[in-house]
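# Coordinates in review
Here are the chains, one letter per residue:
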Amino acid sequence: MSQPSAGTPLPSPASASGGNGLLWSLAGVAVVLAILQPRAPMDWIGLVDWRTIGALAGLLAITQGVERSGILQTVGQRLLTRITNLRALGLLLTGGAALLSALVTNDVSLFLLVPMTRVLAAQAHLPLTRLVVLEALAVNAGSALTPIGNPQNLYLWHRSGESFFGFIGMMAPAAAIMLFWVFVACWLLLPRTPITLKPAVSTAPVAPRLLGLSVLLFIGFVIALDRNWLPAGLAVVFGVYLFAHPRVLRGIDWGLLAVFVLMFVDLRQIADLPAITTALRQWSIADGWRAYLAAIATSQLISNVPATLLLDRHVTDLTALAIGVNVGGFGCVLGSLANLIALRLARVPHGLRDFHCISLPFLLVCAASVAVLL
């Protein structure tokens, strides 16, 4: 596996990951729901969180710009000269993922680290899938700590009325347990074996102008998101790349954007099914361990952000809900949107299978451990 040079087209994520099985499955569910619950076209559009889709599109474009600049290859080569065993590298990557996710959200952390991990695997014999899965677990755990780590925390923080540090204090015990098991998993799954480098491949030199442009666009885009200037920020990112580096836009994983659109369409309709809302009214899930388990189970089915919005109507114990939906990000790939981002960015074959072989047992252990807090 060789990393493309700055001017070489990147491989299709769909072909690298064995096709778009999830995309077609979600499309099939959307067709079934359209037959069972007919809607006006504008109602379908209203199901999608276009702010999330727009933010994802901008970050995908900027990530492509950074990759094509060649900087990741150079940084990867230097990193591999300093870290010589697999476990140390894995601990560094997962620790960095957890820390970044608490500060700049879980998805942004993955956009920074997964492409780097893929480049490292191009230069050395590394278990790429295992490293990326551990990074996905790490960002789900690390983002649980702070109000700004992920969307469900941001929503529940405003609902709770807690201060910024009050919310951190509320989540710290659960986040500490989750992070403990992430590092245990890293220790067990990554042996302390020497890293073997692959034969050197010729790569294009770093393109400083493209790198500098991408960094400036990243900073500006994050500011635009913070100020609610998404349309303007997205127009600037796509406009600049279109005129200066059109190949960047051709390398965007448009399939990932389609997956997210269909997830919003499908999961929000499923959450509104009368059978589900009736069952939630009948079950006693207002607080304690029942709210915690309901949050985990619902997250496995419809992802933790929609689960938060759905259960908020029925759960009065916001601490149990917050902890449950964050633990629910583990397990099924649909548990957290960060899981899907990690696998698509990694471009690995059999990624879904390998992800669940690690993440499902991790969920069982982590859920049982965190439950003692309740």
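Residues numbered from 1 in each chain as written. Predicted model: local features only at pLDDT ≥ 70, side-chain atom pairs only at ≥ 80, totals over all residues. Heavy atoms only, no water.

### Quick notes on the layout of surface pockets
- Of the pockets and cavities examined, the largest pocket occupies roughly 1200 Å³.
- Along the walls of the largest pocket sit 38 residues, with Arg51, Thr105, Asp107, Pro151 and Leu154 positioned nearest its centre.
- Elements that contribute at least two residues to the lining of the largest pocket include exactly α4 (50–68), α6 (86–104), α7 (106–123), α9 (151–160), α11 (208–226), α14 (254–271), α17 (304–311) and α19 (337–346).
- Its residues placed into classes, the lining of the largest pocket shows 23 nonpolar, 10 polar and 5 charged.
- Taken as a whole, the second largest pocket holds about 400 Å³ of empty space.
- The wall of the second largest pocket is formed by 20 residues, among which Val66, Leu72, Leu112, Leu113 and Met116 lie closest to the centre.
- Listing elements by their share of the lining of the second largest pocket, those giving two or more residues are α4, α5 (71–82), α6, α7 and α11.
- For the lining of the second largest pocket, the element with the most residues is α7, which contributes 5 residues. (1 Å grid on protein atoms, 1.4 Å probe; cavity = no way out; pocket = protein on both sides within 12 Å on 5 of 7 lines; lining within 4 Å. Points joined across faces, edges and corners; volume = space filled by probe spheres on them. Helix = DSSP H or I, 4+ residues; strand = E, 2+ residues; numbered from the N terminus. Nonpolar A, V, L, I, M, F, W, Y, C, P; charged D, E, K, R; others polar.)

### With respect to the packing of aromatic side chains
- Applying the stated criterion to the full structure yields 5 aromatic pairs.
- Pairing Phe164 with Phe165 gives two aromatic rings, centres 5.4 Å apart and planes at 80°, and the pair type is edge-to-face.
- A residue is classified by how much of its surface remains accessible, and Phe164, at 30% relative accessible area, is partly exposed.
- On the basis of relative accessibility, which here comes to 67%, the residue Phe165 falls in the exposed class.
- Ring centres of Phe330 and Phe362 lie 4.8 Å apart, and the angle between their planes is 70°; this geometry places the pair in the edge-to-face category. (Phe/Tyr/Trp six-rings, centres within 6.5 Å; stacked < 30°, edge-to-face > 60°. Buried < 20%, exposed > 50% of the residue type's maximum accessible area, 1.4 Å probe, protein only.)

### With respect to the environment of Asn106
- With respect to the helices and strands, Asn106 occurs in helix α7.
- Remark: the alpha-carbon pair of Asn106 and Glu135, spanning 29 residues in sequence, is separated by 9.9 Å.
- Beyond its immediate chain neighbours, meaning those up to four positions away, Asn106 contacts Ser101, Val139, Asn140, Ser143, Gly149, Asn150, Ser336 and Ala338. (Contact = heavy atoms within 4.5 Å.)

### Some remarks on the confidence of the model for the protein
- Averaged over every residue, the pLDDT of the protein is 85; the share at 70 or more is 93%.
- Helix α1 (residues 13–16) is the least confidently modelled element of the protein, averaging 45 in pLDDT, while helix α8 (residues 128–143) averages 96, the highest of any element.
- A low-confidence stretch, residues 1–19 (pLDDT under 50), is modelled with 41 contacts involving residues beyond four sequence positions or located in other chains. (pLDDT = per-residue confidence, 0-100.)

### Concerning the environment of Gln269
- Mapped onto the elements, Gln269 comes out in helix α14.
- Take Gln269: its relative accessible area is 0%, and that puts it in the buried class.
- For the pair formed by Gln269 and Ala235, sequence separation is 34 residues and the distance between their alpha carbons is 30 Å.
- Filtering out sequence-adjacent residues up to four positions away, Gln269 remains in contact with Leu33, Gln37, Arg39, Trp44 and Leu47.
- Side-chain polar atoms of Gln269 contact the side chain of Arg39, separated by 3.1 Å.
- A polar contact of 2.9 Å, which involves the side chain of Gln269, links it to the backbone oxygen of Val265. (Polar contact = N/O pair within 3.5 Å; in protein donor to acceptor, adjacent residues only side chain to side chain.)

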